[in-house]
Each structure stands twice: as structure tokens, then as C-alpha cells.
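Structure assessment
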Amino acid sequence: MKYSSIPAARSIVHHCKVKGIVNIIISPGSRNAPLTIGFTTDPFFKCYSIVDERCAAFFALGISQQLHQPVAVLCTSGSALLNYYPAVAEAFYSDIPLVVISADRPSYKVDVGDGQTIRQQGVFERHIGYSANLKQDVEHAKESIRGLQGTQSEVQLYNDGELNRALNTALETRCPVHINVPFEEPLYETVQQGTVHPKMVPPVNIRTSGINELSHFASHWNSAGKKMILVGTNPPDTVDQALLDVLAGDPSVLIFTETTSNIHHPKCFSSIDSIIAPIEKSARKTEDFKALQPEILLTFGGMIVSKKIKAFLRNYPPGQHWHVDSKKAYDTFFRLSHHFKTHFNLFLQEFIPLTKEVESNYQEYWKGRRERYIQKRAIYLKEIPFTDLQAFGAIMNGIPKGYQVQLANSSTVRYAQLFEMDASHKVFCNRGTSGIDGSTSTAIGASLYEPAPTLLLTGDLSFIYDSNGLWNNYLRPDFRIIVINNGGGGIFRILPGREETQNFRDYFETVQDLEIDKLCSLYGIAHSRATDMESLTLALSSFYAESETPKLLEVSTPRLINDKILLAYFDFIS
């Protein structure tokens, strides 16, 4: 096994190994050579090579999303580091422990005109859990280094402290961290023995526990006839079904779940917008919204997709809003009254014994409304021409049981919200910042650590934007992609206030006619296309069959009427 001749490089590799960080995503470069040598020659690590740093960071995010463990990304100096920022921001808001390791030029070479040199220290300051800026070794390249002071033992002690703080922060608080390390040339020299002896500090095992003194809150709960539970982005298999059954059995409780919540129950309301949109168009709008307005809102999980539920709860706020999460609570509806800092299961285990069912028609009334909307949706889907809405209905209904489903942002996740997701599916979406950048890369990374096959459901702009995500050797043969190609940013046609002008088409909708099959040919992906319901049904019949290569199904829908069909859908079910 080879070790870099640079002590700081050996220290970083050793710290990652002791802290159990196995997966290392490496983008090529010269300045990061000492670390690349150290990680790739040690069989403890699983190393992946991804050329595009933006894709590499989202690829790492996908792995961490599945393992719930830190994953490291490693790059050279200069602008390479900046390409990590979209994924760093996503990790920050999604509580994903991404470990960014960047090689840097020596400090005396910054701002003197040296190539591939920028101010790297603290570059992620506003979206990072901890920034560790290591000191340069004084034992390496003694003939060329300038202005360094102190002994190697002092440098080692400082660097060990920074590395412990950074990696322990990622492990303890589920957030991204940045480790920046300067290297002087020569970069490729190795030694046979890893003579560095870092000082290690183990992470603190933080255990979440229930909350005492819940009787006060239970009293409020037991006296309220209208309680709403809203579940945002939530990992699969994290909520005890028996506890969910108790909540759903209370007639005074409405449970609204999003597609990304991975929560399923016959009494849950999974298509939120199909409840809210008809009220918006109702002649009894105020009365209906007041009938839906909860006395208590209980939330858990991450970001909420539905704009309609956010607007409703801001305009008709609950009397109290409680959020349950061991780390943080967002005041999304500007009514947050209490944050229970614990896991939802632990909270319910202590809270439910203190509660009692309340006589109420809250759940039953809205259940009746929901059933009518579902019946009308089935009628509407049979009457409309082939469009995004009809295509999504067929696609969502045709996903084989047990699949992991990765949803892209923008139109894709919002259309998915209108249909029920089978309980056997594990659903993910980058909802931390809700950007379209990185959905493909995230899905590919996530697929590597999910035994079941993965389906990426994406729009044309999101797919093309992250097409470099296909540029790697890690696509599984059972990886599937469905691209809804409506010729541009169709979601902008739905937004109010737009005008049908050339300016709108060029700068908002960004009309495109790129040939996706050419991308598939480039990356060795089997391509098929559907242009109507008959061809879509035929394509789906064989799309999920075993194959030797990944498959992509391109579903072409008419750009100019998708928005009209969707908006008319809400009119119809009203």
C-alpha cells in the first residue's frame, strides 16, 4: 500500500478511515493527487471517479441519502471546488452529511496570479456545518515553502483538531462540512509507511429521547375537534405503522401526506392539491377553507412541495403549530408555537397514551370530498387528449412494486403529487433547495446502494441540464429513466401573469428541440419513445423487463396545451 509523502494527506485519509467514511468520490486533478493516492490504494475505501464536480457532489449526495452516512467528495484547487456548491446547499437543507475535501495552493500563492487558484477558505460559509482550513506541513517541500512558522508537531496537532471537529460535526449533526488543505509540490511522491500518528477524538453518540411534560399539549389536543397532521419529505420506513394507525383512527384528525413523505394509510390524504384547488374555485371559498382550517397543526418531515397547502395555512393559520424533529423546525406557516426536539416515533410513543379520540366529523367530511375528486379524476383522464397529466397517470400506475423512485424537481414532483404512490415504492427528491440541477446524478448514486431497481422520473430540461450525470461507469443495467419531454420549461406556462410572447418562450419557457436519443447513444442507454397513450402503454409493457443496459423512455407531450389541461383539471374536479 502506498502513502503520500505529505503528512496532511496521510492525516486526512487516516481520520476518514477511523471515522468510518468509506465512500470517496474523486474528480481528477493534480493538486489533489496526494489524497487520491492515499484513498485509492487503501482497500478500506470504495472510490468512484466522476469527472464533472457538480455531478460528483450530487452522486455522493445520492449515496449518503441511502446510507445515512457521510460520503466524501474530493477535488483539485480552483474553480473545481465551486462546482460543489449546488449539492452542498442541497445537503445543508436536506440534512445530508456530505464531506467536501478540497486541495488548495499554499497561502503565499493565492492572489499572486497563480493558475487554478482562488480564495477557497470558507467558500461555503453560509451553507456548511463546519469549515476546516488545515495548515500546511513544514516538513514537506522545505526548499520551496515560504513564510511558514511553527513545528511540524504543532501543525499536526492543529490539523488533527480541525479534522476531528469537521468529521464529528458531519457524523453528529447530519450536515455538510468542508475540509480545505494546502499542498506544495511535489505532489506525487509516496512512502511505504504511514508514519503520521493523528490524535483522534470520537464523535458523540447523540441519542434523541422523548419529551417530558406532554400533558399540557395533550390537553389541547384532546379538546380540539380539528387536528391536521402534515408530513413533508421523509425517508422510507421511519414511522411506526402501528402509531400511524392510532392517529388515522381518530375522527378529529386529518393526515395530509406528500409523495415524498413515504407515508401510506387508507385514511391519509395523499393528493393535497386535489383537496385545496377545488376550494380555491368554490363559490363558498371562505366557508370551505374555514371548515378545513385546523385548530392544531402537527408537522414532521422536511420541505413541503405543495404551494397550495402553504398558501392555505398562511391565510387560514392554525391555532397552534407543533413541529417534531430532532434537529430543526421551520416556521413555514408563520405560526410555529412549539418544537419537539425528538424523533417522531419517540414523540408518539409518549404522546399517544395521553390522548383520546374526539367526537368529530372533520375526517369523515373531507374523506367524502376526497372520494368525489378521485372519481372525477378518473373520468377526466379518459376525456382529455394525450398530455403531461394523462401520461403521468399511466406512468405512476405502471411502476412495478418495490422500485426506488427518484423524482426530479419542477413539474415532475408536482404532477406526481396528483396521483397515489404504491406503498412498496421508496420515493426521493432533492427538496432541500428544490433545484433541477443534479437529479440524474443523485439518482445514479442512490441506485448503487439500493437492492431494488431505480426509476428516475424527470422532465426534459432537468434531464438535459444534468446530462453529464450519465458520464460515469456506474449505471446499473436495471436503472430506468422516464423523461417527460414537453419541449421546455412547461411549469412556467402554468404560473399566473405570463404572456404568450417570443420573450416568454426564449427566456422563461426556454423552448428546446434537442434529440435525447443521441444522448442515449453516446452513453450506451437503450432509448424508446412514446407520443400517445397507445404507444406509451406499449412501451411500458416491456420497459421494466430485465436488460443488459439501462433504459430511457422519452414521453413526448404537446407543449402548448399541457398547462390548459392541468388547469382545467382543477376546474373539472371542482
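Now for a look at the structure at hand. (Residues numbered from 1 in each chain as written. Predicted model: local features only at pLDDT ≥ 70, side-chain atom pairs only at ≥ 80, totals over all residues. Heavy atoms only, no water.)

Taken as a whole and assessed by the stated rule, the structure comprises 17 salt bridges. Across the pair K17 and D42 runs a salt bridge whose closest N-O atoms are separated by 3.0 Å. Residue K17 is located in helix α1 (residues 7-18), and its partner D42 is located in the loop between α2 (33-40) and β3 (46-49); the two are separated by 25 residues in the primary sequence. Ionic pairing is found between E280 and K308, a salt bridge with its closest N-O pair at 2.9 Å. With a gap of 28 residues between them, E280 in helix α9 (residues 272-280) and K308 in helix α11 (residues 307-315) connect regions that are remote in the sequence. Taking the relative accessible area as the measure of exposure, E280 reaches 32% and is therefore partly exposed. In this structure K308 comes out as partly exposed when scored by relative accessible area, which is 21%. (Salt bridge = Lys/Arg side-chain N within 4 Å of Asp/Glu carboxyl O. Helix = DSSP H or I, 4+ residues; strand = E, 2+ residues; numbered from the N terminus. Buried < 20%, exposed > 50% of the residue type's maximum accessible area, 1.4 Å probe, protein only.)

Once that is clear, we can look at the sheet that holds strand β6 (residues 130-133). Reading across from one edge, β3-β2-β4-β5-β7-β6 is the order of the six strands in this open sheet, with parallel pairing throughout. Edge positions in the open sheet fall to β3 and β6, since each of these has one partner strand only. On average, each strand axis in the sheet is tilted by 20 degrees relative to the strand beside it, whichever way the strands run. With six bridges joining them, strand β5 (residues 98-104) and strand β7 (residues 177-182) adopt parallel strand pairing. By the bridge assignment for β7, V99 is matched with V177. Strands β5, β6 and β7 of the sheet are contacted by helix α6 (residues 152-173), whose axis makes an angle of about 160 degrees with β6. (Pairing = 2+ DSSP bridges. Axes fitted to C-alpha atoms, helices over the stretch in contact; angles between N-to-C directions. Contact = heavy atoms within 4.5 Å.)

Two elements in contact, helix α13 (residues 362-383) and helix α22 (residues 562-573), have axes whose closest approach is 9 Å; the angle formed by their N-to-C orientations is 140 degrees. Taken as axis vectors, α13 and α22 run oblique relative to one another. For the pair α13 and α22, the sense of crossing is right-handed. Of α22, the residues touching α13 (which contributes Y373, K376, R377, I379, Y380 and E383) are I565, A568, Y569, F572 and I573. Across the contact of α13 with α22, the residue classes break down as eight nonpolar, no polar and three charged. (Parallel < 35°, antiparallel > 145°, perpendicular 65-115°, else oblique. Left-handed = near helix turned anticlockwise from the far one by under 90°. Nonpolar A, V, L, I, M, F, W, Y, C, P; charged D, E, K, R; others polar.)

Turning our eyes to something else, we now look at the pairing of β5. Along β5, seven of the seven residues are buried, which leaves the element largely enclosed by surrounding structure. The alternating pattern of β5 places L98, V100, S102 and D104 and V99, I101 and A103 on opposite faces, both of which are buried.

With that settled, consider the packing of aromatic side chains. What the rule picks out here adds up to 28 aromatic pairs. Judged by centre distance (3.6 Å) and plane angle (15 degrees), the ring pair of F300 and F344 falls under stacked. Here the residue F300 occupies a position in strand β11 (residues 296-300), and F344 occupies one in helix α12 (residues 344-351), the gap between them amounting to 44 residues. On the basis of relative accessible area, F344 is assigned to the buried category, the value being 5%. (Phe/Tyr/Trp six-rings, centres within 6.5 Å; stacked < 30°, edge-to-face > 60°.)

By the secondary structure assignment, F570 is in helix α22. Residues F570 and D273, spaced 297 residues apart in sequence, show a C-alpha to C-alpha distance of 8.8 Å.

This part is about the packing of helix α3 (residues 53-67) against helix α5 (residues 85-94). For the pair α3 and α5, interaxial distance at closest approach is 7 Å and the crossing angle is 25 degrees. One finds that α3 runs roughly parallel with respect to α5. From α3, R54, A57, F58 and L61 reach across to α5, where they touch P86, A87, E90 and A91. When grouped by side-chain class, the residues that make up the contact of α3 with α5 number six nonpolar, no polar and two charged.

Note that the residue after E185, namely P186, is joined by a cis bond; omega there is 5 degrees. Of note, D95 is a non-glycine position whose phi angle comes to about 60 degrees, a positive value. Relative to the helices and strands, D95 resides in the loop between α5 and β5. One non-glycine residue with positive phi stands out, namely S434, at about 65 degrees. Summarising the element assignment, S434 is placed in the loop between β15 (426-429) and α16 (439-447).

Further remarks concern the nonpolar core. Within the largest apolar cluster, 61 residues are counted, with the highest numbers of intra-cluster contacts made by F256, L292, I309, L389 and I482. Not counting residues within four places of it along the chain, the set of residues in contact with I482 comprises I395, L455, L456, L457, T458, L540, F543, Y544, L553 and V555. Of all hydrophobic cores here, the second largest spans 41 residues; its members include V73, A87, I516 and I525. (Core = buried A, V, L, I, M, F, W, Y, C linked by side-chain atoms within 4.5 Å.)

Turning next to the environment of H321. Inspection of the secondary structure assignment puts H321 in strand β12 (residues 320-324). Between the C-alpha atom of H321 and that of I296, which follows or precedes it by 25 residues, the distance is 6.0 Å. Beyond its immediate sequence surroundings of up to four residues, H321 is in contact with L297, T299, Y330, F333, R335, L336, S337 and H338.

What follows concerns the environment of I50. As for its position among the elements, I50 is in the loop between β3 and α3. Spatially, the C-alpha atoms of I50 and N473 are 8.8 Å apart, while their sequence positions differ by 423 residues. The contact partners of I50, leaving out residues within four places of it in the chain, are I25, I26, S27, P28, C55, A56, F59, N472 and Y474.

Below, the discussion takes up α22. Along its twelve residues, α22 runs 17 Å from first to last C-alpha, staying within 8% of the 16 Å computed at 1.5 Å per residue. Among the residues making up α22, those that are buried are N562, D563, I565, L566, Y569, F570 and I573. (Expected span 1.5 Å × (residues − 1).)

In this section: helix α10 (residues 285-292). Taken residue by residue, α10 has D288, F289 and L292 as its buried positions. Viewed end-on, α10 has its buried residues packed into an arc of 95 degrees, placing them on one side of the element. In this fold, the buried residues of α10 make contact with β9 (227-231), β10 (253-257), α9, α11 and α13. (Arc of directions from axis to C-beta.)

With that settled, consider the sheet that holds β10. Strand order in the open sheet made by the five strands is β10-β9-β11-β12-β13, with parallel pairing throughout. Strands at the two margins of the open sheet, each flanked by one partner only, are β10 and β13 (336-340). Sheet twist, expressed as the mean angle between neighbouring strand axes with direction ignored, is 20 degrees. Pairing analysis gives five bridges linking β11 to β12, with the strands arranged parallel. Residue T299 lies in a different strand from β12, and its bridge partner there is H323.

Mapped onto the elements of the fold, Q136 is located in the loop between β6 and α6. Setting aside residues up to four positions removed in sequence, Q136 forms contacts with P106, S107, I145, L148, V155, P182 and E184.

Just geometry here; none of it tells us what the structure is for.
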